[in-house]
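# Chain and residue survey
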Amino acid sequence: MTTPSTSPGDQPQSDAPKQKASLSTRVQEKLAADLPYGVVVAAGWSWRMLLIIIMSAVAIWLLSHISLLIIPVLVAALLATLLQPAHRFFLKLKVPAVLSSLLLTAALILVVAALLTLAGQQLAVGFATMQVSVAAGVRDFIALIESWGLSLEALDYQELLSDLAQTLQENSGAIVSGALDFGSTATNILAGFAMAVFSLIFFLKDGPRIWSFLLNFVPKHHRRAVDGAGYAGWGALGSYVRVQIFVAFVDALGIGVGAWLLGVPLAMPLGVLVFLGSFIPIVGAVLTGAVAVLLALVANDWGNALLMLAVVLGVQQLESNVLQPLIMGKAVNLHPLAVFLAVAAGTATMGLIGAVFAVPVMAFINEFVKYLSRKPWLKDPDPGPILSDPSAT
């Protein structure tokens, strides 16, 4: 019995994919032989880093267009981490969660409003007191200019006022546009304040439920790891906020009391300014310290300004050498260079808002990643109920 002979064209079609795969393998082997290993690795890193940069740029661009929504939510999240211990205390006293959230939010608003009102009253009184000192300072400055041989008597003040009025008239459109922009900004601030208060109430009341809803978007086999990492980052965020408030209070108390002892006017508003500026790492301390020294110079004299500078430097040295390593270092394990780069990057991308939120966001990401790298859930054979807040037990 003879078997029919088959021609090459009669071979099974299933061999075609194998031939193509074999050809592709030979091409890859040829490329691997011709390209140095370092070039292959560099190319692999390059396209991945390029993709990360593009996605980051797109994310920042999107966030900049919805900043009116994102910023109040971030503010509410930071305040929620601050008020969470008090909220748990009220829950242990059998206070309803809704009532506890409303009471804590109202108390926070009252405290902030009282501080701003007190600072505003001190500003009004201080500026009235400073009028004589500022006038004397201006006269001394004019005398100093004239002692250099420059006479200010030749200036035609009437002509200067006329030119100023003409300039205002010519730019009336820009002035009106600026006024409208200011009105729009004020409206946005009020809307942001309302959203922050609303978000804060529900973060306190339904925080675990909101987090459990977000975990539904995570694959089930990764859910336990992301759950633990999220709570770890949230804990680091709360530690950062509480410690930063303490450090800001020490800075404000030291510089405010120093200004009061040296007779610098506006000591109370200056302390409030230092307290707020301390939430911008590195940059805030420098700017508020410069304001304190300049205020002492304008209101008093060079000697008083130098003493004020010594007070500012002393307080800042206490913060950087004692408070930051002993307190902030334990709460948020971030290198000073990482803090500086985070503030610089936040300022470059989103301005003042980026500078304020750069460090807390970085603290959250740092603890989130550290938890994932430790993989503690693999050592626990009993996972327990997912979505339970570890810090509440």
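The following refers to the structure shown. In this convention, every chain numbers its residues from 1, walking through the sequence in written order. Where local features are concerned, this predicted model is filtered to residues with pLDDT of at least 70; where side-chain atom pairs are given and counted, the filter is 80 or more; whole-chain, interface and lining totals use all residues. Think of the side-chain values as coming from all heavy atoms in the structure, minus any hydrogens and water.

### Notes on the pattern of salt bridges
Stated formally: Any carboxyl oxygen of Asp or Glu that lies within 4 Å of a side-chain nitrogen of Lys or Arg is treated as forming a salt bridge with it. Burial here depends on accessible area, computed with a 1.4 Å probe over protein chains only, as a share of the maximum for the residue type. Under 20% is buried, over 50% is exposed, and the range in between is partly exposed. Runs of H or I in DSSP of at least four residues are treated as helices and runs of E of at least two as strands, each being numbered from the N terminus.
Within this structure, the stated rule accounts for three salt bridges. For the salt bridge of K205 with D206, the shortest nitrogen-to-oxygen distance reads 3.1 Å. With relative accessibility at 12%, the residue D206 sits in the buried group. Between D206 and R209 there is a salt bridge whose closest N-O contact spans 3.6 Å. Here D206 and its partner R209 are both found in helix α6 (residues 172–215), three residues apart, which amounts to about one turn of the helix.

### Section: the side chain of T288
Positionally, T288 belongs in helix α9 (residues 283–299). Residue classification places T288 among the buried positions, given a relative accessible area of 7%.

### With respect to the packing of aromatic side chains
Put simply, the test is: Think of it this way: a Phe, Tyr or Trp ring, Trp meaning its six-membered ring, pairs with another when their centres are within 6.5 Å, and the plane angle makes it stacked under 30 degrees, edge-to-face over 60, tilted otherwise.
With the rule as written, the count across this model stands at five aromatic pairs. Geometrically, the ring pair formed by W211 and Y231 is edge-to-face, given 6.3 Å between the ring centres and 70° between the ring planes. Pair noted here: W211 is in helix α6 and Y231 is in helix α7 (residues 220–261), with a separation of 20 residues, a long-range link. The class for Y231 is buried, based on a relative accessible area of 13%.

### What to know about the nonpolar core
Soluble globular proteins: nonpolar side chains tend toward being buried together. Heads up, the condition is: In these notes, a set of buried Ala, Val, Leu, Ile, Met, Phe, Trp, Tyr and Cys residues joined through side-chain atoms within 4.5 Å is what counts as a nonpolar core. Between two residues, a contact is recorded if the distance between any of their heavy atoms is within 4.5 Å.
The biggest cluster of nonpolar side chains holds 16 residues, and the ones touching the most others in it are I255, A259, V264, A292 and M308. Elements with a minimum of two residues in this core: α7, α8 (267–277), α9 and α10 (302–331). In this structure, V264 is in contact with A259, L295, A296, N300, N304 and M308, ignoring residues within four places of it in sequence.

### Some words on the environment of L334
Relative to the assigned elements, L334 resides in the loop between α10 and α11 (336–374). By relative accessible area, L334 is classed as buried at 17%. Along the primary structure L334 and N366 are separated by 32 residues, whereas in three dimensions their C-alpha atoms are 8.1 Å apart. Sequence-distant contacts of L334, that is, excluding residues within four places in its chain, are made with V339, V359, M362, A363 and N366.

Function cannot be inferred from these measures alone, as they are strictly geometric.
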